[in-house]
Amino acid sequence: MSEIINVQNLVKKYDNNFTAVKNLNLKIRQGEIIALLGPNGAGKTTLISTICGLSSITSGLIKVNGLDVIKDYRKTRELIGLVPQELALEPFEKVINSVKFSRRLFGRKDDNEYIEKLLTKLQLYDKRDNIIKSLSGGMKRRVMIAKALSHNPQILFLDEPTAGVDVELRKDMWSIIKELKNEGVTIILTTHYIEEAEMIADRIGIINHGELLLIEEKKELIKRMSVKTLKVKLKKTLDIIPTKLKKYNLKLIDEGKSFLYYYNTGKERTGITSLLSDMNKIGINLFDIQTEETSLEEIFVKIIKE
Amino acid sequence: MNIRGIHAIYRYEMNRSFRTLIQSLVSPVLSTILYFIVFGAAIGSRMDNISNVSYGAFIVPGLIMLTVQMQSVNNASFGIYFPKFIGTTYELLSAPLSFVEIVIGYVGAATTKAFSIGLIILCTSYLFVDLDIKYPFFMLCFLLITCMTFSLLGFIIGIVSDNFEQLNIVPMLIITPLVFLGGSFYTIDMLPPFWQNFALLNPIVYLISGFRWSFFGVGDVPIFTSIIFMLIFTSICISIIWYIFKTGYKIKN
Ligand SMILES: Nc1ncnc2c1ncn2[C@@H]1O[C@H](COP(=O)(O)OP(=O)(O)O)[C@@H](O)[C@H]1O
Ligand SMILES: [Mg+2]
């Protein structure tokens, strides 16, 4: 059994009757990095909260390592580390004490060697005796990660780990995540930055309005979705697309002076050659052509709109 | 049972009060000393003995009760409210801890603090008056249960409060008056008849009376009434906590 998390028909309805997660199914494999992508309010945090025990479940079943997160909450929670979206730290506590406290909450014996290694890895070792209040925002985020990792979890949830974080720190964060993956930790992160998902995830899930729209290998998704646009400027204006060219789904723009053709670079044939030769056959002359890459951002928007 | 987890919360809460030692220890002791000077020495010297006990000694059990009740409520309510306020409850909820274990950690620490303060005040009062405690073991048990029950009450207030105002308002507007009018400084029969009936509606009267009984062997109401009241009060608090636990009220979404 390689699934470490199995979410079945999960529904989460808040007290105000708002349904934030609608019949969601999700399987996460051991050792992978999953990026859950979705706009604000999509239900990403809610999903994580139900898995980690912060929110009750309205209906459905969540299993972690084959165990029910409600019935066997002690065993499932031991496996999980959570870094929530918002910074939440005791301001007057020392870094090291705060991290040790987290480990103890999970019922683990003190292990100073492990904690020191962890702090070193997160570049917090020099700050270990500092009061949390005195740290920068980036450092505080690292403390949150250290706390989440303090009990050696096998699964790490990172809720928007890089929201509002500068470029430097974002890169650091990515390398930390990759390092953890190499150590065998399963990582689930949420983000609304598509580049982030593209940079580090093995699989990408897209969530909107409480539904999982798709979940796919990142490579597959990008291949399938890497659509380019060919803009063809014409010598003569066209009123309508000629019937012979209908099959190319062209889109007239600039009052008929140009049209757009969408093609997929992931496929073996782009269709450009045959389009150009068909145009030639019916006597439409081109003036200029240019190609544009569709950004992942647009793909994302497109999927969400559909 | 996640003993280490409970211990972590307990220790953390105890450390928090060591960080604010002045506030958590010195100030209740200081205010008690002031009470002794004002009520015990200054006014008390002109008061008759009450049930053969000097006025200075008479107010000791009431003063201890008054202080530990306020301390328990304040400590426990703040203890759980603060993590809620700064958002660190996520850690408690995502840890392999049951709600009962969380309550034991917080309420246990608040109880310990209030109980220690009670003992310190008791010791301090020996500097001012002669005391001869009739039922010391019962007295300690009664003190401990009072601290625990009021810590449970404080925990409930901390969970239910949505802001600092609410956190302060219940202790200030309800508990303080009840405690002050609960007979710390007088016996109920010193009141005019109308107010006597009124006073008997105040649950704190039964607790102070019971505690005073353990010192001097006399109280405003029979000791069994006090014990039964204490048990009812404790059960109500435990039931409310149980309800919060069952429904996740104000803790889980
Ligand atoms: N405690 C709550 N009560 C009611 N509605 C909530 C609560 N928390 C979140 N929501 C709503 O649920 C939806 C999903 O929120 P959330 O899971 O935080 O989204 P995301 O993390 O994807 O931005 C939002 O519309 C939000 O307003
Ligand atoms: Mg969120």
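All of these numbers come straight from a predicted model, not from anything done at the bench.

Draft legend 1. View of the overall build of chain A. Each helix and strand in chain A was counted, giving 10 helices and 14 strands. Whereas a compact globule of 306 residues would reach a radius of gyration of roughly 19 Å, chain A reaches 25 Å, over 25% beyond that. Seen through its principal axes, chain A has C-alpha atoms that stretch 80 × 45 × 40 Å. Buried positions account for 50% of the 306 residues belonging to chain A. A separation threshold of at least 6 residues defines the contact pool for chain A, and within that pool the share at least 24 residues apart is 68%.

Draft legend 2. View of unusual backbone geometry. All names here are of chain A. Look at Gln123: it is not a glycine, yet its phi comes out positive at around 55°. Looking at where Gln123 falls in the secondary structure, it is placed in the loop between α4 (112-121) and α5 (137-149). In this structure, Asn249 takes a positive phi of about 50° despite not being glycine. Mapped onto the elements of the fold, Asn249 is located in the loop between β11 (227-234) and β12 (251-253). The class of Asn249 is exposed, set by a relative accessible area of 60%.

Draft legend 3. Summary view of empty space enclosed by the protein. Across all of its chains, the model carries 4 cavities of 30 Å³ or more by this definition. Considered as a void within the structure, the largest cavity measures approximately 210 Å³ in volume. Taken together, 19 residues line the largest cavity, and the ones lying closest to its centre are Glu90 and Phe101 of chain A together with Tyr12, Pro83 and Thr88 of chain B. Among the elements that line the lining of the largest cavity, the one with the most residues is helix α3 (residues 55-86) of chain B, at 5 residues.

Draft legend 4. Spatial organisation of the domain arrangement of chain A. Residue and element names in this part refer to chain A. Here chain A is partitioned into domain 1 (3-223) and domain 2 (227-305). Facing the 12 residues of domain 1 at the interface are 7 residues of domain 2. In total, about 870 Å² of surface goes out of reach between domain 1 and domain 2, with carbon and sulfur atoms giving 75% of it. When the buried area of domain 1 at its contact with domain 2 is split by residue, Ile194, Ile206 and Lys223 rank highest and sum to 47% of it. The interface formed by domain 1 and domain 2 holds 0 salt bridges in total. The tally of links between domain 1 and domain 2 comes to 0 residue pairs in polar contact (both at pLDDT 80 or more). Elements that contribute at least two residues to the side of domain 1 that touches domain 2 include exactly α7 (194-200), β9 (203-208), β10 (211-217) and α8 (218-225). By residue number, the principal contributor to the side of domain 1 that touches domain 2 is α7, which donates 3 residues. Classifying every residue of the side of domain 1 that touches domain 2 by side-chain character gives 7 nonpolar, 2 polar and 3 charged.

Draft legend 5. The arrangement of the coordination of the magnesium ion (ligand 2) in detail. All names here are of chain A. On the protein side, the magnesium ion (ligand 2) has Thr45 (OG1) and Gln85 (OE1) as donor atoms, found 1.9 to 2.3 Å from it. Here the residue Thr45 occupies a position in helix α1 (residues 44-52), and Gln85 occupies one in the loop between β6 (80-83) and α3 (95-105), the gap between them amounting to 40 residues. Judged by relative accessible area, Gln85 falls into the partly exposed class, the value being 26%.

Draft legend 6. The arrangement of the interface of chain B and chain A in detail. With 25 residues of chain B at the contact, the number on the chain A side is 29 residues. Both faces considered, chain B and chain A share a buried interface measuring about 2,600 Å² in area, 55% of it formed by carbon and sulfur atoms. If you sort the residues of chain B by the area they bury against chain A, Tyr90, Pro96 and Asn253 of chain B come out on top, with a joint share of 26%. Here chain B is connected to chain A by 2 salt bridges. With a closest N to O distance of 3.3 Å, Glu91 of chain B and Lys147 of chain A form a salt bridge. Here chain B is connected to chain A by 11 residue pairs in polar contact (both at pLDDT 80 or more). The set of elements that each furnish at least two residues to the side of chain B that touches chain A consists of α1 (3-19), α3 and α4 (89-94) of chain B. In terms of residues, the side of chain B that touches chain A owes the most to one element, α1 of chain B, which gives 7 residues. When grouped by side-chain class, the residues that make up the side of chain B that touches chain A number 12 nonpolar, 7 polar and 6 charged.

Draft legend 7. Fine view of the environment of Lys244 of chain A. Here Lys244 of chain A lies in the loop between β11 and β12. With relative accessibility at 61%, the residue Lys244 of chain A sits in the exposed group.

Draft legend 8. Quick look at the confidence of the model for chain B. The predicted model of chain B has a mean per-residue pLDDT of 90, with 100% of residues at 70 or higher. Both scores are given for the predicted complex: the pTM is 0.87, the ipTM 0.90.

What counts, and at which threshold
- Residues numbered from 1 in each chain as written.
- Chains lettered and ligands numbered in written order.
- Predicted model: local features only at pLDDT ≥ 70, side-chain atom pairs only at ≥ 80, totals over all residues.
- Heavy atoms only, no water.
- Helix = DSSP H or I, 4+ residues; strand = E, 2+ residues; numbered from the N terminus.
- Rg over C-alpha atoms; globule rule 2.2 N^0.38 Å.
- Buried < 20%, exposed > 50% of the residue type's maximum accessible area, 1.4 Å probe, protein only.
- Contact = heavy atoms within 4.5 Å.
- 1 Å grid on protein atoms, 1.4 Å probe; cavity = no way out; pocket = protein on both sides within 12 Å on 5 of 7 lines; lining within 4 Å.
- Points joined across faces, edges and corners; volume = space filled by probe spheres on them.
- Domains from an automatic or database assignment.
- Buried area = accessible area lost by both parts, 1.4 Å probe.
- Salt bridge = Lys/Arg side-chain N within 4 Å of Asp/Glu carboxyl O.
- Polar contact = N/O pair within 3.5 Å; in protein donor to acceptor, adjacent residues only side chain to side chain.
- Nonpolar A, V, L, I, M, F, W, Y, C, P; charged D, E, K, R; others polar.
- Donors = N, O, S within 2.8 Å, 3.2 Å for Na, K, Ca; no water.
- pLDDT = per-residue confidence, 0-100.

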